[in-house]
Amino acid sequence: MYSASPIKRSLIAIGLCIGLLIVFFEHRKAVQEAERQMVYSASNASWKISELVYEAQRFFTTLANHGQGEASLYEVQVQFEVFWSRTQLVAETEFPERIALDEGLNRILDWLEQHEDLIFSENEAVAGQLAGLRSSLEPLVISIRQNWVREFNASRNRAVTARSGSESRQNARQEFLIAVLIACIVLYLVVEVYLGTLAHRREQVLRAAADAANRTKSDFIASVSHEIRTPLNGIISMASHLGDHPLSPELRECVSIIEDSGGLLLSTINDVLDLSKIEAGEMPIEFRPFDPGRSLSLARDLYRDQAGDKGLSLDLVIQGDPLPLLIGDERRTRQVLHNLVSNAVKFTEHGHVRITASHGVSADGADQFEVCVSDTGPGIAATAQATIFEPFGQADASISRDFGGTGLGLAISRTLCRAMGGELRVMSTPGQGAEFTVTLPFVRASADAVREWAGSTAQPAEDTLLHGRVLIVDDNATNRLILRKLLGGQRLDFFEAASGPEALDFLGTEAVDLVLMDVQMPGMNGIETTARLVEAAELAGKAPPPVIAVTANVMPEQVDAYHRAGMTNVLPKPVSKNALIAKMRESLPAANVGTVALKPPQDVA
């Protein structure tokens, strides 16, 4: 299996290059040493032979001077001794050319022994014979010098030949080693390319398999979500509709239980969908003006009754100046706040839950919004604080049994905080409660953004009613009934279609002010139906009616597909009355939103 890291492979290549350099320099060093030895040997021998010839010449000169009366006999004797010692030194020296010089040296030594008595004789008559000694010695010196030059040249030629052969063998070995190293590098590069290609292909296969698995998982989650949300839509919506009627305390309690149970199931579905979006990298973050103080108040108000039922106080404290209007993702911020407050109320049995918020400036000069949710609950052990932010992680396995929940809330909350450029931290001591701190960087909203936000959040009067003609397109009769029941108090005329072709046939002859369109229908689905509706209106030179997608499929890529098809808004299932009316107010023309009742409300019983 190809698992070597790039650094390791680079070190291998560098090692091979260093090996080549070492071999090259060792070769150069060996050649230079051989040359030095040869030069030294030749120089040493040449110097000694030259000294011998030089001393012979000095001896001849002294003899000539003695014959002319310019040198004494003593000087002749001294020079004779010097020449003899030099000859002895050469005779005792070891060098390759000795064999050729031995005969000449022996002759000179014999000559010196034969004439020693003559040189050191005190007889003047004998001393007069010294002038003739040169004629007998000089040929011997010339002979040894000629023999040395001849042998030196021959020896040098032999040395050069031998050295050439040695260098040839050494070069052959060197070239072999270099060739082996080059072959190793080439083999390494081939293996590197081959294994790298295999690794790349394997990575592509694994990535494709992972992408396919993610798509399959997303499709499965979307399908399961749709199948769960559709009946859940009927449960929650009908319970809400029943709650709008006069009921006995017992029946109202039953309706409350149905709504709470449906809400819990819906929360679980939403957590699973959020986790799927996060893992797929499809969790969009929106940056719009919002009021953080309002988000905090809503979080407190939502869980105040639940905390009161347990005897807990739920307080909201704003430190410092009032919180300004900020630019950020209000929906995701509220999701994080609700999760933290819900957990604090859920796990605290006695004492209080406190929400503390402040606004300041971080170390880098950015606006910083910080919220701390603290409680007097059981606390979290240090060993569990690292795992509670993992998917499905909880401080204790018994928590899921005692309190319920999927263990996804904190994991999703921290991921959302980091996606918004912030952080979620926890501090806790067992038995002393827990403190979760959210730190989010935000940009203060400009004056123009404040005015735009104020206009977009202006609430219509409570007695404002919707009126007009509405076409409900859904293959499920229960879903059509739910929408009519939720809109029963409005001044609307309802028309129904059980399929896409039926809706197109109706719209070919009738005009409507709004279409509530289911997406997942057999045959022609809601996306195709909307696209054809828009196309037909454009061919007729008319503006198409606004279309609201009423669907359980609300993944980001699905919502994008709805908008591309021409849908103007998206309403996720389960449908609540307030959300439905709010979406219709956004989509209907202004003339269809008012207090004038065109006719009594249509009976939807």
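Residues numbered from 1 in each chain as written. Predicted model: local features only at pLDDT ≥ 70, side-chain atom pairs only at ≥ 80, totals over all residues. Heavy atoms only, no water.

*Asks:* Any chance you could break down the pairing of strand 6 (residues 423–428) for me, citing the residues and the numbers?
*Replies:* Of the two faces of strand 6, only one is covered, namely that formed by Leu424, Val426 and Ser428; the face formed by Glu423, Arg425 and Met427 stays uncovered. In this structure, strand 6 lies alongside strand 7 (residues 434–441), joined through six bridges in antiparallel fashion. Bridge pairing in strand 7 links Arg425 to Thr437. Between the antiparallel neighbours strand 6 and strand 7 lie five residues, among them Gly431 with a positive phi of about 90°. (Buried < 20%, exposed > 50% of the residue type's maximum accessible area, 1.4 Å probe, protein only. Helix = DSSP H or I, 4+ residues; strand = E, 2+ residues; numbered from the N terminus. Pairing = 2+ DSSP bridges.)

*Asks:* Tell me about the layout of surface pockets, residues and numbers included.
*Replies:* Using a probe with the size of a water molecule, rolled over the atoms, empty space left in the structure can be pinpointed. One number sums up the size of the second largest pocket: a volume of about 380 Å³. Around the second largest pocket sit 18 residues that line it, and Leu507, Glu510, Ala537, Lys542 and Pro545 are the ones nearest its centre. Secondary-structure elements contributing two or more residues to the lining of the second largest pocket are helix 15 (500–509) and helix 16 (526–539). No other element matches helix 16, which puts four residues into the lining of the second largest pocket. Classifying every residue of the lining of the second largest pocket by side-chain character gives 13 nonpolar, one polar and four charged. (1 Å grid on protein atoms, 1.4 Å probe; cavity = no way out; pocket = protein on both sides within 12 Å on 5 of 7 lines; lining within 4 Å. Points joined across faces, edges and corners; volume = space filled by probe spheres on them. Nonpolar A, V, L, I, M, F, W, Y, C, P; charged D, E, K, R; others polar.)

*Asks:* How would you sum up the environment of Ile412? Please name residues and give values.
*Replies:* Along the chain, Ile412 falls in helix 12 (residues 409–419). Expressed as a C-alpha distance, the spacing of Ile412 and Asn339, which sit 73 residues apart in the sequence, is 9.4 Å.

*Asks:* Quick one: what's the story with the packing of helix 8 (residues 292–309) against helix 9 (residues 330–347), residue by residue and with numbers?
*Replies:* As a packed pair, helix 8 and helix 9 sit with axes 9 Å apart at the nearest point and diverge in direction by 30°. Taken as axis vectors, helix 8 and helix 9 run roughly parallel relative to one another. Crossing handedness for the pair helix 8 and helix 9: right-handed. For the pair helix 8 and helix 9, contact is made by Arg294, Ser295, Leu296, Leu298, Ala299, Leu302, Tyr303, Gln306 and Ala307 and by Glu330, Arg334, Leu337, His338, Val341, Ser342 and Val345, respectively. Its residues assigned to classes, the contact of helix 8 with helix 9 shows nine nonpolar, four polar and three charged. (Axes fitted to C-alpha atoms, helices over the stretch in contact; angles between N-to-C directions. Parallel < 35°, antiparallel > 145°, perpendicular 65-115°, else oblique. Left-handed = near helix turned anticlockwise from the far one by under 90°. Contact = heavy atoms within 4.5 Å.)

*Asks:* Describe the nonpolar core, and please don't skip the residues or the numbers.
*Replies:* Counting residues in hydrophobic clusters, the biggest one holds 39 residues, and the most contacted among them are Leu296, Leu340, Val341, Phe369, Val371 and Phe436. Of all the secondary structure elements, the ones that give two or more residues to this core are helix 8, strand 2 (313–318), helix 9, strand 4 (352–361), strand 5 (367–375), helix 12, strand 6 and strand 7. At six residues, the largest contribution of residues to this core is made by helix 9. Filtering out sequence-adjacent residues up to four positions away, Leu340 remains in contact with Val373, Leu410, Leu424, Phe436 and Val438. Core analysis: the next-biggest nonpolar cluster, separate from the first, contains 28 residues, Leu63, Leu118, Leu140 and Ile144 among them. (Core = buried A, V, L, I, M, F, W, Y, C linked by side-chain atoms within 4.5 Å.)

*Asks:* Can you break down the pattern of salt bridges residue by residue, with the values?
*Replies:* This model, assessed by the stated rule, comprises 15 salt bridges. One salt bridge in this structure joins Glu423 and Arg418, with 3.1 Å as the shortest N-O distance. For Glu510, the salt bridge identified is with Arg469, shortest N-O distance 3.0 Å. One end of the pair, Glu510, is in the loop between helix 15 and strand 11 (514–518); the other, Arg469, is in strand 9 (residues 465–473), with 41 residues separating them in the sequence. The class of Glu510 is partly exposed, set by a relative accessible area of 36%. (Salt bridge = Lys/Arg side-chain N within 4 Å of Asp/Glu carboxyl O.)

*Asks:* Hey, could you go over the sheet that holds strand 7 for me, with residue numbers and the actual values?
*Replies:* Strand order across the open sheet formed by five strands is 2-4-5-7-6, with mixed pairing between neighbours. Taken across any chain shown, the strands that pair with only one partner, and hence form the sheet edges, are strand 2 and strand 6. Sheet twist, expressed as the mean angle between neighbouring strand axes with direction ignored, is 15°. Sheet strands in contact with helix 8 are strand 2, strand 4 and strand 5, and its direction is about 170° off that of strand 2. Strand contacts of helix 9: strand 2, strand 4, strand 5, strand 6 and strand 7, with the helix running at about 20° to strand 5, the strand carrying the most contacts.

*Asks:* Residues and numbers for the confidence of the model for the protein, please.
*Replies:* Scored by pLDDT, the protein comes out at a mean of 77, with 73% of its residues at no less than 70. By mean pLDDT, helix 11 (residues 397–403) is the weakest element of the protein at 44, and strand 11 is the strongest at 94. For residues 395–404, every residue scores under 50 in pLDDT, and the model assigns this stretch 13 contacts once sequence neighbours within four places are set aside. Below pLDDT 50 for its whole length, residues 595–605 participates in 24 contacts with residues either more than four positions away or in separate chains. (pLDDT = per-residue confidence, 0-100.)

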